[in-house]
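Report on the structure
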Amino acid sequence: MNLTMFITGFIASAGFGFLFNVPRRAVFAGGIAGMTGWVIYDVLLSVVQLNIVVSTAAAAFAIAVLSQLFARVYKMPVIIFSAAGIIPLVPGGVAYNTMRRFVSNDYYAAVELAAQVFLISGAIAFGLVLANVFQPLFKPKHEAERRE
């Protein structure tokens, strides 16, 4: 784990925050969410040596939890932080290699890579949904009473 991972995770997330036209005061927080998710993903994958799918799900869960926290602090929708924060986990390179293998008629490798893309994408969705499932448990008591 080195400083380059922190910097690239932050730049990727904050850069996509600019592309998504998020409010300027939320760009930094979106970058922090993405950087944190990227570092968690890399540590779980390389240091702890977990499966890529499990590492992606854990990182997506962390990004979603941070996004919910930032949404409360900045009083903005969660999607502003999670959309930019999840960008470093998107398997774009693997998807590109999948298409390249299909075009090259290497169908066995292409199907293998496509399965990996689907599993990683599903892990991202699972991590985001799991955080939303646990969200009511961490709401302040006065918010829970107001809704009843």
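Residues numbered from 1 in each chain as written. Predicted model: local features only at pLDDT ≥ 70, side-chain atom pairs only at ≥ 80, totals over all residues. Heavy atoms only, no water.

In this section: the overall build of the protein chain. From N to C terminus, the protein chain includes 7 helices and 0 strands. Ordering the α and β elements of the protein chain from the N terminus gives α-α-α-α-α-α-α. When its C-alpha atoms are laid out on the principal axes, the protein chain stretches across 60 × 30 × 30 Å. In the protein chain, which comprises 148 residues, the proportion classed as buried is 36%. The contacts in the protein chain between residues at least 6 apart in sequence include a share of 64% that link residues at least 24 apart. (Helix = DSSP H or I, 4+ residues; strand = E, 2+ residues; numbered from the N terminus. Buried < 20%, exposed > 50% of the residue type's maximum accessible area, 1.4 Å probe, protein only. Contact = heavy atoms within 4.5 Å.)

With that out of the way, let us pick up a nonpolar patch on the surface. A contiguous nonpolar patch, built from Val47, Val48, Leu50 and Val54 and spanning about 320 Å² of accessible area, is present on the exposed surface. Along the chain, the position of Val47 falls in helix 2 (residues 24-47). (Patch = residues over 30% accessible without salt bridge, like charges linked within 9 Å, V, L, I, M, F, W, Y side chains within 5 Å. Areas by Shrake-Rupley, 256 points an atom, 1.4 Å probe, with all protein chains shown as cover. Salt bridge = Lys/Arg side-chain N within 4 Å of Asp/Glu carboxyl O.)

A negative phi angle characterises most non-glycine residues, just as the trans form characterises most peptide bonds. Although it is not a glycine, Asn21 adopts a positive phi angle of roughly 60°. Here Asn21 shows up in the loop between helix 1 (3-19) and helix 2. Its relative accessible area of 66% is what places Asn21 among the exposed residues. Of note, Asn105 is a non-glycine position whose phi angle comes to about 65°, a positive value. Among the structural elements, Asn105 can be located in the loop between helix 5 (92-103) and helix 6 (107-134). Given a relative accessible area of 52%, Asn105 falls into the exposed group.

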